[in-house]
Amino acid sequence: MPTPFVRAAALGGIAALALLATGCATSVNTVSRAEAQATPNYVNDQRVITDSTLGRKLAIVSVNDGKVSGDLLRVQVTLENRSSKPQAFTYKFDWISQDGMELSGPTGGWKQVQLQGREVRAVSAIATNPSAVDFRLKLREN
Amino acid sequence: MKLALAATTAAAALLFTGCASKNAKYVDSQGPETIVSLDRINIQDWNAAADKLVAKLLASNVLERAPELPAVMAISRIRNNTAVQVDTDNLTKKIRVALLETGKVVTTTTLGADGKVEDAMAAEVGSMQAFMAGEKQKTVLPYYTLSGKLLDDSVKSGNTRQVTYTFQLSLTTTKDGLAVWEGEEQITKQGQRSTVGW
């Protein structure tokens, strides 16, 4: 018959094992309006996956665009961390003109985004060149 | 035995260094292979801060409200309240170039904070041209001024250091002195020592 001390020690051990197994993972719970009022302009996108591990960890939920300051293209890509652990990713937007030329600008280098476990977050960018009509988002794992 | 030890040591060294070469090489200034340090604002920090502040300014649509486009902007004082000596042009130049590219703002280089003119020659030649033509020199006054401040906050827990750099900017219309847009961007870095890549 185990003593109360032994039982407590066993329970503590099980709890510690459970904590180790989950790796102290904390994921994000969210709440939002059941019927969204926003009416985003969704973009039909094509995806090229060269890193299948990244593809499994990071989901692209949606892509939408719009114009700001009159004539500047703004693109927003909503990402979801499929892991229950925090993850850091880097991303970069490229801008493309009507004639298919990639536009270089003073801004627009690689940036880091850190997502908590199961977090959904949007990354966005604005083309500083009014002649940008298309974009390309590059994503990589840190 | 000695050979085995040497091989093990070499393998361990390779593991620790990854496959990094000690020879100098070029890396993308805007890429993730740049060095991250805790005691200074790195090139990627300037890039990220400028990029995000420009995006916030453009998204605010405030530039569209100027009576004439492109609106003239002058760079006012950017105070450096950090512990490190920096050239604030690292921030303002990127913002100026980006805003110029939008076609909504041009920056005057013949007017500056505290009478410090960026392009003294342009100011002198303009004055000379007006004198030669027997006219009064026309100075295009800025519609906007851009001012700001850099701040830092450093804390330590055990061997881990954390530093936060804050980049604050205000866009003011000169006719009434009102800040029509204000933006702030923070970059926090944590660690024990500088690293290559992020």
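### Digging into the layout of surface pockets
All names here are of chain A.
- If you add up the space inside the second largest pocket, you get close to 810 Å³.
- Contributing to the lining of the second largest pocket are 26 residues, with Gln46, Arg47, Val48, Ile60 and Leu137 lying nearest its centre.
- Elements with a contribution of two residues or more to the lining of the second largest pocket: α2 (52-57), β1 (58-68), β2 (72-81) and β7 (132-141).
- The leading source of residues in the lining of the second largest pocket is β7, at seven residues.

### Brief notes about the nonpolar core
- Among the nonpolar cores identified, the biggest contains 36 residues, and Leu63, Leu91, Phe167 and Leu171 of chain B are the most heavily contacted of them.
- Of all the elements in the fold, those that place two or more residues in this core are α2 (43-59), β2 (71-80), α3 (89-102), β4 (144-157), β5 (160-173) and β6 (178-191) of chain B.
- Ranked by residues supplied to this core, first place goes to α2 of chain B with eight residues.
- Aside from chain neighbours lying at most four places away, what touches Leu63 of chain B is Leu57, Leu58, Leu69, Leu99, Lys104, Val105, Tyr144 and Leu171 of chain B.
- Counting residues in each nonpolar core, the second largest holds 18 residues, with Leu54, Val75, Trp95 and Ala132 of chain A among its members.

### Notes on α2 of chain B
Residues and elements named next belong to chain B.
- Taking 1.5 Å of rise per residue, 17 residues should cover 24 Å, and α2 covers 24 Å from first to last C-alpha, within 8% of that figure.
- In terms of burial, α2 is largely enclosed, as twelve of its 17 residues are buried.
- Within α2, the full set of buried residues consists of Gln44, Asp45, Trp46, Asn47, Ala48, Ala49, Ala50, Asp51, Leu53, Val54, Leu57 and Leu58.
- Of the residues one or two after α2, Asn61 is the one with positive phi, at around 60°.

### Topic: the interface of chain A and chain B
- On the side of chain B, 21 residues touch chain A, which itself brings 22 residues to the contact.
- Across the chain A/chain B interface, buried area totals approximately 1,800 Å², and carbon plus sulfur atoms make up 58% of it.
- Seen at the junction of chain A and chain B, the total is three salt bridges.
- Here Asp51 of chain B makes a salt bridge to Lys111 of chain A, at a shortest N to O gap of 2.3 Å.
- The interface formed by chain A and chain B includes 13 residue pairs in polar contact (both at pLDDT 80 or more).
- Broken down by secondary-structure element, the contributors of at least two residues to the side of chain A that touches chain B are β2 and β5 (111-115) of chain A.
- For the side of chain A that touches chain B, the per-class residue count stands at six nonpolar, twelve polar and four charged.

### Quick look at unusual backbone geometry
- A cis amide bond links Leu69 of chain B with the next residue in sequence, Pro70 of chain B, at an omega value of 0°.
- Along the chain, Pro70 of chain B falls in the loop between α2 and β2.
- Notably, Ser69 of chain A is not glycine yet its phi reads approximately 45°, a positive angle.
- Relative to the helices and strands, Ser69 of chain A resides in the loop between β1 and β2.

### Focus on the sheet that holds β1 of chain A
- A sheet is described by the order of its strands in space; here three strands give the open sequence β1-β2-β6 (chain A), paired in antiparallel fashion. Two strands in the sheet have a free side with no partner beyond their single neighbour: β1 and β6 (120-126) of chain A. Sheet twist, expressed as the average angle between the axes of neighbouring strands with direction ignored, equals 20°.
- Here seven bridges tie β2 of chain A to β6 of chain A, and the two strands are oriented antiparallel to one another. Paired with Gln76 of chain A across the bridge in β6 of chain A is Ser124 of chain A.
- Where α2 of chain B meets the sheet, it contacts β1, β2 and β6 of chain A, and its direction lies at approximately 80° from that of β6 of chain A.

### Description of the pattern of salt bridges
Residue and element names in this part refer to chain A.
- In total, this model carries 16 salt bridges over all chains according to the counting rule given.
- Taking the shortest distance from any N to any O, the salt bridge between Asp94 and Arg136 comes out at 3.1 Å. Of this pair, Asp94 sits in strand β3 (residues 87-97) while Arg136 sits in strand β7, and the two are 42 residues apart along the sequence.
- The structure contains a network of salt bridges with shared partners spanning Lys92, Asp94, Glu102, Arg136 and Lys138.

### Some remarks on the sheet that holds β2 of chain B
Residues and elements named next belong to chain B.
- The strand order β3-β2-β4-β5-β6 describes an open sheet built from five strands, whose pairing is mixed. With one partner strand each, in any of the chains shown, β3 (105-107) and β6 form the two edges of the open sheet. In this sheet, neighbouring strand axes are inclined to one another by 30° on average, regardless of whether the strands run parallel or antiparallel.
- α2 contacts β4, β5 and β6 of the sheet and is inclined by roughly 150° relative to β6.

### Some remarks on the environment of Leu137 of chain A
Residues and elements named next belong to chain A.
- As for its position among the elements, Leu137 is in strand β7.
- Taking the C-alpha atoms as reference, Leu137 lies 5.7 Å from Lys92; in sequence the two are 45 residues apart.
- Beyond its immediate chain neighbours, meaning those up to four positions away, Leu137 contacts Val77, Tyr91, Lys92 and Phe93.

Conventions used here
- Residues numbered from 1 in each chain as written.
- Chains lettered and ligands numbered in written order.
- Predicted model: local features only at pLDDT ≥ 70, side-chain atom pairs only at ≥ 80, totals over all residues.
- Heavy atoms only, no water.
- 1 Å grid on protein atoms, 1.4 Å probe; cavity = no way out; pocket = protein on both sides within 12 Å on 5 of 7 lines; lining within 4 Å.
- Points joined across faces, edges and corners; volume = space filled by probe spheres on them.
- Helix = DSSP H or I, 4+ residues; strand = E, 2+ residues; numbered from the N terminus.
- Core = buried A, V, L, I, M, F, W, Y, C linked by side-chain atoms within 4.5 Å.
- Buried < 20%, exposed > 50% of the residue type's maximum accessible area, 1.4 Å probe, protein only.
- Contact = heavy atoms within 4.5 Å.
- Expected span 1.5 Å × (residues − 1).
- Buried area = accessible area lost by both parts, 1.4 Å probe.
- Salt bridge = Lys/Arg side-chain N within 4 Å of Asp/Glu carboxyl O.
- Polar contact = N/O pair within 3.5 Å; in protein donor to acceptor, adjacent residues only side chain to side chain.
- Nonpolar A, V, L, I, M, F, W, Y, C, P; charged D, E, K, R; others polar.
- Pairing = 2+ DSSP bridges.
- Axes fitted to C-alpha atoms, helices over the stretch in contact; angles between N-to-C directions.

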